[in-house]
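Summary of the model geometry
This is what each chain is made of:
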Amino acid sequence: MSLLPSAYIADIARHAGQSVTLAGWVYNKTEKGKLVFIQLRDGTGIIQCVVFKKNVSEEAFAAAKSLTQESSLYVTGTVRADERAPGGFEIDVSDLRIVALTQDYPITPKEHGTEFLMAHRHLWVRSAKQHALLRIRHEVIAAAQDYLNSQGFIRFDTPILTPVAAEGTTNLFATEYFDLGTAYLAQTGQLYVEAGMMSFGKVYCFGPTFRAERSKTRRHLTEFWMIEPEMAFADQEDNMVLQEHFVSAIVQRVLERRQADLATLGRDLSKLERITPPFPRITYDEAVELINRAAQQGVTVPPEDQPLPPITWGDDFGAPHETFLAAQFDKPVFVMNYPTAAKAFYMQPVEGRPDVVHCADLLAPEGYGEIIGGSQRIHDLELLERRIREHGLNPDHYRWYLDLRRYGTVPHAGFGMGIERCTAWIAGTRHIRETIPFPRQLYRIYP
Ligand code: 4AD
Ligand code: MG
C-alpha cells in the first residue's frame, strides 16, 4: 500500500478532466450554504477544492465543514478547468478524508509581528511568502551548483571543524575537541578548497560557515551557507569573468523557473532581466572618490535617507557606502583592489601597488550589499609566509597550506558567494533572516 497522493497541485493541468487524490493541508476554508470551499496546499501549490453537499457522502460533508486551518487531509475529486481559479483549475470533490484535525493554529491570516513569526519559524515556513522565498533559495542553490558543474568544476567538501582560523582569529566559534585542544567552526572553506584546486584544477565547496560577529544588521547571520569556487592557472580577471557569468546564470534560471514565486513576493522582474554579463567594475580608489564627492554634496541613502558619511582611504565600506555605490549602476558592480591592510593575508598584491590587492567585492543592486568576496591568492611561498607573520599568525599552523606553494604552485583565484545574501537580492527581501529556514543571529537561536 502507498500513502502517496495520485497527483500534485503543481502538475494538475496534466490531469484535467480526471479524478485524482490530493494530499495536503487546509490553507483556508470558507462555507456558503451547501458548499464548502477548501484552499488546499500540498507543498507544490494551492488549489481550490469545492465540496458540494449532494456530491459527497454525509460523513464527508460533515468532515469538510469541521476542517480548520492547517488540518491535514486527502481529497478525491475531478480536476476541472476554471478560468477564474488562480491556477486555472479547481477540484470538484467526490470524497474527503481527514488525517489530523488542527486546533488553534497560531499563525492566522491576520497580521503578526516579526518577533512572533520568528518565534514560530517552524510553522511560519508554511506561509505563502516564506514558502516562495525558500523555494527561490532552493533554486539559487541548484542553479549555482549546476552552473559550476556544467563548467567542469568538481565539488570538494571542506571540514567544518578546523584546528585554526582561516582568516584571522576574530569572529570564531570555538569548541573543545577531545584531547586535541580547541577546534573552530569554519568561517570559510577556502584554504582547504585550494588544496582541492591543486588536485582537480577547478573545484568548489558548498556548506555552512560560521561568523561569531556581534552585528545585528539585516545582512548578517552567524550561520550562513557559502559556495566557494577556486580555479588553478587563473588570475583576478578570470575570477571576475567567472563571477559575472555565474551570477547571471543563477538570476536567469530563477526568472525562468520561479516566476510564480517571484510574483508571490511582488518582485520587479525587469530589475532581474537585465542581469547579464559583463558587470561594471570600479577600483576601491575610484569608489572612495565617488563617495567623498557625493558626501560633500550632501547625498543621502535609503532606507532611512541618512546622509552618506565620508570615508578615509584604507577603511572598509559601511552599509550606506555599499548602498550608494550599488545605486550608481543597474547591475551588480565589482569594487576591485582594496587596501592590503583591510583584507585577508592570502591576497595577491597588485604589481607596483603593494598597498592594494587583487580582489573584488561584488555589490548587488538596490542596496542588498556584498554578495561575493573573491581574490587572487598569493602563490609565492616566501611572500605568503611573510604575510602570515605580518598578520600576527603562526606559520606553523599553516604548514599544510604553505605546502601548496611548495609543491607545484600556480597562480589561482576564487571567491565565495553567500547563498542568503544572493537569495535576499533576487527575491527582493529586505531582511536576510527569512532566506534561510532557521536563521541564527546574535539574539536568536530558537527554534
Ligand atoms: O567576503 P567573505 O568573508 O569571503 C570569504 O570568506 C572568502 N574566504 C571567500 C573565498 O574567497 N572563497 O564572505 C563571502 C560572502 C560575502 O560576500 C557574503 O555574501 C557572505 O559570504 N557573507 C555573509 N552572509 C551572511 N551573513 C554573514 N555574516 C556573512 N558574511 C559573509
Ligand atoms: Mg567580504
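Bear in mind the structure is a predicted one, so any value in this text is a computation, not a measurement.

1. Concerning the state of the cysteines
- Under the definition given, this model contains zero disulfides.
- Unpaired in this structure, cysteine 359 has its nearest cysteine sulfur neighbour in cysteine 205, at a distance of 19 Å.

2. Some words on the site of ligand 1
- Near ligand 1 you find 23 residues, and of these Glu167, Gln190, Arg211, Glu228 and Glu370 are the closest.
- At 2.8 Å from an oxygen atom of ligand 1 is found a side-chain nitrogen or oxygen belonging to arginine 211.
- The backbone of glycine 373 places a nitrogen or oxygen atom 3.3 Å from an oxygen atom of ligand 1.
- When ligand 1 is considered free in solution it has 630 Å² of accessible area, and contact with the protein chains removes 92% of it.
- For the shell around ligand 1, the secondary-structure elements that each account for two or more residues are β11 (223-232), β19 (369-377) and β20 (412-418).
- The dominant element in the shell around ligand 1, judged by the number of residues it contributes, is β19, at five residues.
- The residue inventory of the shell around ligand 1, partitioned by class, reads eight nonpolar, seven polar and eight charged.

3. Topic: the pattern of salt bridges
- Inspection of the entire model under this criterion finds 32 salt bridges.
- Ionic pairing is found between arginine 274 and aspartate 330, a salt bridge with its closest N-O pair at 3.8 Å. Within this pair, whereas arginine 274 is found in the loop between α8 (270-273) and β12 (281-283), its partner aspartate 330 is found in the loop between α10 (319-327) and β15 (333-336), the two being separated by 56 residues in sequence.
- Among the charged side chains, a salt-bridge network with shared partners connects Arg135, Glu139, Asp146, Arg253, Arg258 and Asp261.

4. Some thoughts on the domain arrangement of the protein chain
- What the domain assignment lists for the protein chain is domain 1 (9-100) and domain 2 (121-280 + 329-435).
- One C-alpha centre belongs to domain 1, the other to domain 2; they are set 44 Å apart.
- Counting from both sides, the interface comprises five residues of domain 1 and, opposite them, five residues of domain 2.
- Summed over both sides, the interface between domain 1 and domain 2 buries roughly 390 Å², with carbon and sulfur atoms accounting for 36% of that surface.
- In terms of surface lost to domain 2, no three residues of domain 1 exceed Tyr27, Arg41 and Gly43, which account for 66% of the buried area on that side.
- Inspection of the region where domain 1 meets domain 2 yields one salt bridge.
- Here arginine 126 and glutamate 70 are joined by a salt bridge, their closest N and O atoms 2.8 Å apart.
- Where domain 1 touches domain 2, the interface holds three residue pairs in polar contact (both at pLDDT 80 or more).

Definitions and cut-offs
Residues numbered from 1 in each chain as written. Chains lettered and ligands numbered in written order. Predicted model: local features only at pLDDT ≥ 70, side-chain atom pairs only at ≥ 80, totals over all residues. Heavy atoms only, no water. Disulfide = S-S within 2.5 Å. Near = heavy atom within 4 Å. Polar contact = N/O pair within 3.5 Å; in protein donor to acceptor, adjacent residues only side chain to side chain. Areas by Shrake-Rupley, 256 points an atom, 1.4 Å probe, with all protein chains shown as cover. Helix = DSSP H or I, 4+ residues; strand = E, 2+ residues; numbered from the N terminus. Nonpolar A, V, L, I, M, F, W, Y, C, P; charged D, E, K, R; others polar. Salt bridge = Lys/Arg side-chain N within 4 Å of Asp/Glu carboxyl O. Domains from an automatic or database assignment. Contact = heavy atoms within 4.5 Å. Buried area = accessible area lost by both parts, 1.4 Å probe.

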